[in-house]
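What follows is the residue order along each chain.
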Amino acid sequence: MLHVTRQSGRQKEQPMLCLTLTGRTLLENISQYERNKDWVGAVELRLDYLEESEARLAGSLPEQFPVPMILTCRRESDGGLCTSTERKRLSLMKEVLDRGAFAYVDLEDDLKKTEAEQLARRKGIRIIRSHHDFSGMPADIYARMARILAKGDIPKLAVTPHTVEDVIRLFRIKDEIPGSTEKIVIGMGVLGIPTRILYRKIGSSMMFCCDEAAESVAPGMLSARVLSEVYGADKVDAETEIFGIIGNPVSQSASPLIHNPGFRAIKKNAIYSLFPVDAVRPFFRLADVLDIRGFSVTVPFKRDVIPYLGTISREVKQIGSCNTVVRVKDLWKGINTDYHGFLSQLMPAITSGRVRTALILGAGGAARAVAWALHNHSVKITILNRSAEAARKLAAETMAGWDVLENISEYSGKSDMIVQTTSVGMTPDSDEDPSAGYVFSGKEIAYDLVYKPHQTRFLLRAAEAGCEVIYGAQMLLEQGKLQFEAFTGYHYPHWLEPDW
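Now for a look at the structure at hand.

Conventions used here
- Residues numbered from 1 in each chain as written.
- Predicted model: local features only at pLDDT ≥ 70, side-chain atom pairs only at ≥ 80, totals over all residues.
- Heavy atoms only, no water.
- Salt bridge = Lys/Arg side-chain N within 4 Å of Asp/Glu carboxyl O.
- Helix = DSSP H or I, 4+ residues; strand = E, 2+ residues; numbered from the N terminus.
- Buried < 20%, exposed > 50% of the residue type's maximum accessible area, 1.4 Å probe, protein only.
- Axes fitted to C-alpha atoms, helices over the stretch in contact; angles between N-to-C directions.
- Parallel < 35°, antiparallel > 145°, perpendicular 65-115°, else oblique.
- Left-handed = near helix turned anticlockwise from the far one by under 90°.
- Contact = heavy atoms within 4.5 Å.
- Nonpolar A, V, L, I, M, F, W, Y, C, P; charged D, E, K, R; others polar.
- Pairing = 2+ DSSP bridges.
- Polar contact = N/O pair within 3.5 Å; in protein donor to acceptor, adjacent residues only side chain to side chain.

The subject of this paragraph is the pattern of salt bridges. Opposite charge on two side chains makes pairing possible when the charged atoms of those side chains draw close. One pass over the structure, following the stated rule, counts 37 salt bridges. When the shortest N-O distance is used, the salt bridge between Glu-108 and Arg-74 registers 3.1 Å. On the criterion of sequence distance, the pair formed by Glu-108 in strand β4 (residues 104-108) and Arg-74 in the loop between β3 (69-72) and α3 (86-99) is long-range, its members being 34 residues apart. A relative accessible area of 1% places Glu-108 in the buried class. Judged by relative accessible area, Arg-74 falls into the buried class, the value being 2%. Across the pair Asp-153 and Arg-129 runs a salt bridge, and its minimum N-O distance is 3.3 Å. One end of the pair, Asp-153, is in the loop between α5 (141-150) and β6 (154-159); the other, Arg-129, is in strand β5 (residues 126-132), and 24 residues separate them in sequence. Residue class for Arg-129 comes out buried when judged on its relative accessible area of 7%. Within this structure, Arg-74, Arg-75, Asp-78, Glu-86, Arg-89, Asp-106, Glu-108, Asp-110 and Lys-156 form a network of salt bridges that share partners.

This is the structure:
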């Protein structure tokens with residue numbers, strides 16, 4: 001007999017995370033739930049993923065789960081796997097519904113009255129009326145949801161935002177359709193990730209998630225563990241303060257692994273979210289809509305944010321690069337924690353005179369912080385970059401030498417330190433090495449700002465030559481601690497060691 005272990009007295013509250021089951025068999029689905037049961041309050045059974053013989057037996061499954069179950073059979077045009085005729089698909093749904101004690105059934109919003117719908121209403125099964133758009137966002141999203149609500153069904157809107165303006169429209173649904181009415185709003189794709197993490201702030205009654213060991217069924221879907229343990233998305237309430245990181249890309253950022261555990265350690269009701277953005281200006285409007293209290297800034301926006309700030313720190317003014325923004329009264333204040341985070345690992349070597357010359361690879365926002373930090377401590381620097389113009393400009397500001405990166409071999413062994421500030425070598429392109437052609441003497445300090453992977457090819461070559469190496473994760477953590485202090489007014493808990 002199939003069996004699911006019951007949860008021990010844990011009370012689920014609304015809204016909740018819903019695990020989408022994607023197993024080919026009922027046993028596989030049970031295993032997926034077992035791996036995620038501590039994080040979810042509902043499950044979605046996808047008939048379109050089940051083998052046909054297994055789908056016929058699916059009516060027995062709800063009684064063996066301790067949480068509500070949604071029945072779904074998604075057609076291919078809506079992102080599912082069902083390729084049968086509509087008649088056959090709806091007939092299967094009706095058959096399974098008739099045999100099982102499902103809490104919900106998901107039916108598309110373009111369906112007319114069907115036998116499956118009529119059966120659901122007779123049995124008291126709640127109907128989720130869904131609309132999926134993998135190409136964009138319909139212009140009438142508010143009216144569409146209002147029409148479904150007027151029928152007593154639960155509207156589910158899964159659309160694809162292409163701009164931050166689209167994301168703002170999704171978060172405004174809570175104001176456009178106020179009250180405690182049940183609704184599900186999902187922004188698919190990369191730009192939609194904040195709507196998944198902050199689903200409670202958007203007014204969604206549930207958010208769909210996947211098992212880490214199984215495939216994601218929709219673009220941008222996050223796992224139950226990540227949503228619950230990393231972000232604490234299921235704990236967000238009206239008083240939760242929002243922080244985050246903006247950039248393009250930001251999906252691989254480890255910053256949530258620094259800040260969210262930090263918030264929990266000091267018992268601060270706050271969440272640190274990812275905010276992939278296409279432009280800075282509309283993000284500031286989103287920040288007002290969500291009342292965001294502060295955010296980190298990564299490539300390519302470290303300079304672009306500065307015109308929108310009411311005040312900036314001395315480092316930002318000098319460097320021309322900002323990686324941290326906080327609300328101060330009615331103003332946005334910009335600071336740069338990269339500067340001090342970078343120096344925190346180097347001060348003993350600088351003050352002892354071991355580092356008097358340095359080679360910097362790259363001329364972007366991070367390179368600017370590094371160049372100014374070293375310049376301000378009387379280290380003679382040379383900047384190598386693919387773009388000669390960017391290298392020349394930064395060199396002129398910091399009284400440094402410069403050259404193009406393709407000439408790197410000419411600088412082998414001529415500096416006390418070599419600092420790698422580009423994104424080259426970062427996961428998933430971890431086989432790349434921006435210093436190819438440089439021959440380490442073994443006497444240099446090699447410092448890579450890339451933190452994923454931990455051991456880059458650049459650092460591996462340096463270590464093999466006998467160099468002292470400094471890992472990007474060390475700088476990331478140090479600058480993150482300074483951001484945390486700016487966000488909260490508290491020192492970062494000294495006992496925490498982020499696990500990335």
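Back to the text.
A few words now on the packing of α3 against helix α4 (residues 115-123). Each pair of packed helices can be summarised by the angle the axes make with each other and by the distance between the axes. Here α3 crosses α4 at 15 degrees, and the two axes come no closer than 8 Å. Here α3 lies roughly parallel to α4, going by the angle between them. Seen from above, α3 lies across α4 with left-handed handedness. Across the interface between the two elements, Leu-90, Lys-94, Leu-97, Asp-98 and Arg-99 from α3 touch Glu-115, Ala-116, Leu-119, Ala-120 and Lys-123 from α4. Residue composition of the contact of α3 with α4, grouped by class: five nonpolar, no polar and five charged.

Moving on: the pairing of strand β18 (residues 417-420). Burial of β18 is two-sided: the residues Met-417 and Val-419 facing one way and the residues Ile-418 and Gln-420 facing the other way are all buried. Sheet topology places strand β15 (residues 357-361) next to β18; four bridges connect them, and they run parallel. Its bridge partner being in β18, Ala-358 is matched across the sheet by Met-417. Both β18 and strand β19 (residues 445-448) contribute to a ladder of four bridges, which runs parallel. When the sheet's bridge partners are listed, Val-419 is paired in β19 with Tyr-447.

The omega angle of the peptide bond from Asn-248 to Pro-249 is 10 degrees, so this bond is cis rather than trans. By secondary structure assignment, the location of Pro-249 is in the loop between β9 (241-247) and α11 (255-265). In this structure, the amide linkage connecting Val-299 to the following residue, Pro-300, adopts the cis form with an omega of 5 degrees. Mapped onto the elements of the fold, Pro-300 is located in the loop between β11 (292-297) and β12 (311-312).

With that settled, the discussion passes to the side chain of Thr-195. Relative to the helices and strands, Thr-195 is located in helix α8 (residues 193-197). There is a polar contact of 2.8 Å between the side chain of Thr-195 and the backbone nitrogen of Gly-187. Aside from chain neighbours lying at most four places away, what touches Thr-195 is Val-167, Leu-170, Phe-171, Val-185, Ile-186, Gly-187, Ile-202 and Met-207.

Looking now at the sheet that holds strand β14 (residues 331-335). Taking strand neighbours across the sheet as the criterion, the six strands line up as β10-β9-β11-β13-β14-β12 in an open arrangement whose pairing is mixed. Edge strands, defined here as strands with exactly one partner in the open sheet, are β10 (270-276) and β12. Pairing of β12 with β14 involves two bridges; the strand directions are parallel. The residue bridging Thr-311 from the neighbouring strand is Lys-333, located in β14. With respect to the sheet, α11 is in contact with β9, β10 and β11, its orientation differing from that of β10 by roughly 160 degrees.

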